[in-house]
Amino acid sequence: MTAESPIPPDSDPAGDKKPTRILLVTGLLGAGKTTALRALEDLGWEPVDNFPVRLLPRLVSTAPGPGHDRSGAESPPLAIGFDSRTRGFDPQQVIAEVDALARRDDIAVSTLFLDCGSEELERRYNETRRRHPMAGERPVAAGIAAERELMAPLRRWADVVVNTTSFSTNDLGRTIRELFAPSAPQGMTITVSSFGFARGMPPLADLVFDMRFLDNPHWVEDLRPLTGRDAPVADHIAGDPAWQDNFARIRDLVLSLVPLYEAQGKTYLHIAFGCTGGKHRSVFSAESMAQALRKTGHNPGVLHRNLDTSASDLVEGGTRAR
C-alpha cells in the first residue's frame, strides 16, 4: 500500500511553526501494536509505549515548542502506545482527554487503532502460549471478547483503523511506513480499499461504492481463481457494458469531492469498493480509482481486505450471488 503521509512539515517557507504531531497507537492485544511502534520509530517518530493517557496533557505541557526541541533542532513527532493493560485505562476518559487536547492549536492528535479477527487472535495466543490478561481462568476466546467490548468505543472513534487479521509482521510494517512515512507527500491521506460484502462492510469508510451491479467473474471458471489485479479479469469487467459510464460517474464524483474534503481540513479519506467476495470487481474498481487519483497528483494507499480470503469462494460458491 502507498499512502500520503498525515505528517505535515514542521514549518512552512514563511517560518510559521506547525503543530506538534502526536499519534496515539492502540488496539486489541495481539493485533500488532509493538510492531507498529517499531515501524514508526524506524520512520523517525519518538515512541512511548504503555503510557497512561491521563498524563498526556502533562507530557504535552512539558514538551518543547511545536516541532523543535530545547536546542532548536526539529523534534520528532510522538507515537504513544497504550492498550487495555495500561494503568487506569478507561476508553471514555481517553476520548475526553484527547478531544480536549485536539482543541489546542499547538498540537495535532490522531489515533491509530489496530484490530484483528477473534479467531486469528486466539490462534496467536495459542501459538505463543500466552494467557490473555482479561481471560482469567476462562478460555482465551472469552478474554478476547471482553477486551473487544471494552475497546469498542475507541475503535469507533479512531481516525484510522487497520485490520491485521491477514497481515504478517512485514505486511503491518509496510502499511505503517506507507501511512506515516515523513518523506511521503504531504496532505490528506487517501486510502482506496476493496472488500467483500460477505465478510462485512468496512466500519469507517467515508465513501462506499457497491460494484455488485457488474457481471461477476467468479462464475467464469477460468477467471475464478484469479483476482481483479489480473489482466483477464480486468478485461472481463471492463468489457461489461455497465462498467464504463458508471465508473466514470463514480470517478468524477470522487475527484470532485477530494479537494472539498481537503478544504475542510480532513486528514484521512477512505474510499471503499465492495463486491460479493472481495476478489474481482471491487479489486479492479479500487485499482482503477487509485490510478485515476494518481493522474490528478494524489498518492493514495491501496488495501485489498479480502483478496487472499478463501472464505469468499465458499460464500459465493453456494448460490449464484450477484
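Residues numbered from 1 in each chain as written. Predicted model: local features only at pLDDT ≥ 70, side-chain atom pairs only at ≥ 80, totals over all residues. Heavy atoms only, no water.

Please provide a residue-by-residue account of the overall build of the chain, values included.
If you tally the helices and strands in the chain, you get 10 helices and nine strands. Counting the 322 residues in the chain, one finds 47% classified as buried. Put simply, of all contacts in the chain between residues at least 6 apart along the chain, 80% involve residues at least 24 apart. If you sum the accessible surface of the chain, you get close to 15,600 Å²; carbon and sulfur atoms cover 49% of it. (Helix = DSSP H or I, 4+ residues; strand = E, 2+ residues; numbered from the N terminus. Buried < 20%, exposed > 50% of the residue type's maximum accessible area, 1.4 Å probe, protein only. Contact = heavy atoms within 4.5 Å. Areas by Shrake-Rupley, 256 points an atom, 1.4 Å probe, with all protein chains shown as cover.)

So what's going on with the sheet that holds strand 3 (residues 78-81)? Which residues, and what values?
With parallel pairing, five strands are arranged side by side in an open sheet as 2-3-1-4-5. Each having just a single partner strand, strand 2 (46-48) and strand 5 (160-163) make up the two edges of the open sheet. When the angles between neighbouring strand axes are averaged without regard to direction, this sheet yields 20 degrees. Where helix 5 (residues 140-157) meets the sheet, its contacts fall on strand 1 (20-27), strand 4 (107-115) and strand 5, and the angle it forms with strand 4 comes to roughly 140 degrees. (Pairing = 2+ DSSP bridges. Axes fitted to C-alpha atoms, helices over the stretch in contact; angles between N-to-C directions.)

Account for the pattern of salt bridges, naming residues and giving values.
All chains considered together, the criterion is met by 13 salt bridges. One salt bridge in this structure joins Glu120 and Arg124, with 2.9 Å as the shortest N-O distance. Of this pair, Glu120 and Arg124 both sit in helix 4 (residues 118-128), four residues apart, which is roughly one turn of that helix. Neither Glu120 nor Arg124 differs from the other in exposure class; each is buried. For the salt bridge of Arg174 with Asp171, the shortest nitrogen-to-oxygen distance reads 3.1 Å. (Salt bridge = Lys/Arg side-chain N within 4 Å of Asp/Glu carboxyl O.)

An account of the side chain of Arg155 is needed here, citing residue identities and associated values.
Topologically, Arg155 is positioned in helix 5. One polar contact links Arg155 to Asp115, side chain to side chain, over a distance of 2.5 Å. Setting aside chain neighbours within four positions, we find Arg155 in contact with Phe113, Asp115, Val161, Pro203 and Leu204. (Polar contact = N/O pair within 3.5 Å; in protein donor to acceptor, adjacent residues only side chain to side chain.)

Tell me about the sheet that holds strand 6 (residues 189-196), residues and numbers included.
Taken in spatial order, the four strands of this open sheet run 7-8-6-9, and their pairing is parallel. Both outer strands of the open sheet, strand 7 (207-210) and strand 9 (301-304), are each paired with one neighbouring strand and no more. Neighbour-to-neighbour, the strand axes of this sheet turn through a mean angle of 15 degrees, independent of strand direction. When strand 7 meets strand 8 (residues 268-275), the two strands line up parallel, connected through four bridges. The residue bridging Phe209 from the neighbouring strand is Phe273, located in strand 8. Docked against the sheet, helix 9 (residues 281-295) engages strand 6, strand 8 and strand 9, running at close to 165 degrees with respect to strand 6.

Outline the confidence of the model for the chain, listing residues and values.
Model confidence for the chain is summarised by a mean pLDDT of 82, while 83% of its residues fall at 70 or above. Low pLDDT, under 50, characterises residues 1-15; the predicted model gives this stretch 65 contacts beyond four residues in sequence or across chains. Note on residues 66-72: pLDDT under 50 across the span, and 19 contacts to partners over four residues away in sequence or across chains. (pLDDT = per-residue confidence, 0-100.)

Could you give an account of unusual backbone geometry, with specific residues and numbers?
Note: most residues except glycine have negative phi, and most peptide bonds are trans. One non-glycine residue with positive phi stands out, namely Asn50, at about 55 degrees. With respect to the element layout, Asn50 can be found in the loop between strand 2 and helix 2 (56-62). Accessibility expressed as a relative area gives 45% for Asn50, which makes it partly exposed.

So, the packing of aromatic side chains: which residues are in play, and what are the values?
In this structure the tally under the stated criterion is six aromatic pairs. Seen from their ring centres, Phe195 and Phe197 are 4.8 Å apart, and the 65 degrees between their planes marks the pair as edge-to-face. For the pair Phe195 and Phe197, one class covers both residues: buried. Pairing Trp243 with Phe247 gives two aromatic rings, centres 4.5 Å apart and planes at 10 degrees, and the pair type is stacked. A residue pair is termed a helical-turn pair when its members lie 3 or 4 positions apart in one helix, as Trp243 and Phe247 do in helix 8 (residues 243-263) at four residues. Of the two residues, Trp243 and Phe247, both sit in the buried class. (Phe/Tyr/Trp six-rings, centres within 6.5 Å; stacked < 30°, edge-to-face > 60°.)

Describe the environment of Ile237, with residues and values.
Mapped onto the elements of the fold, Ile237 is located in helix 7 (residues 231-238). With 23 residues separating them along the chain, Ile237 and Leu214 place their C-alpha atoms 7.1 Å apart. Look past the residues within four positions of Ile237 in its chain and what remains in contact with it is Leu214, Pro217, Trp243, His280, Arg281 and Phe284.

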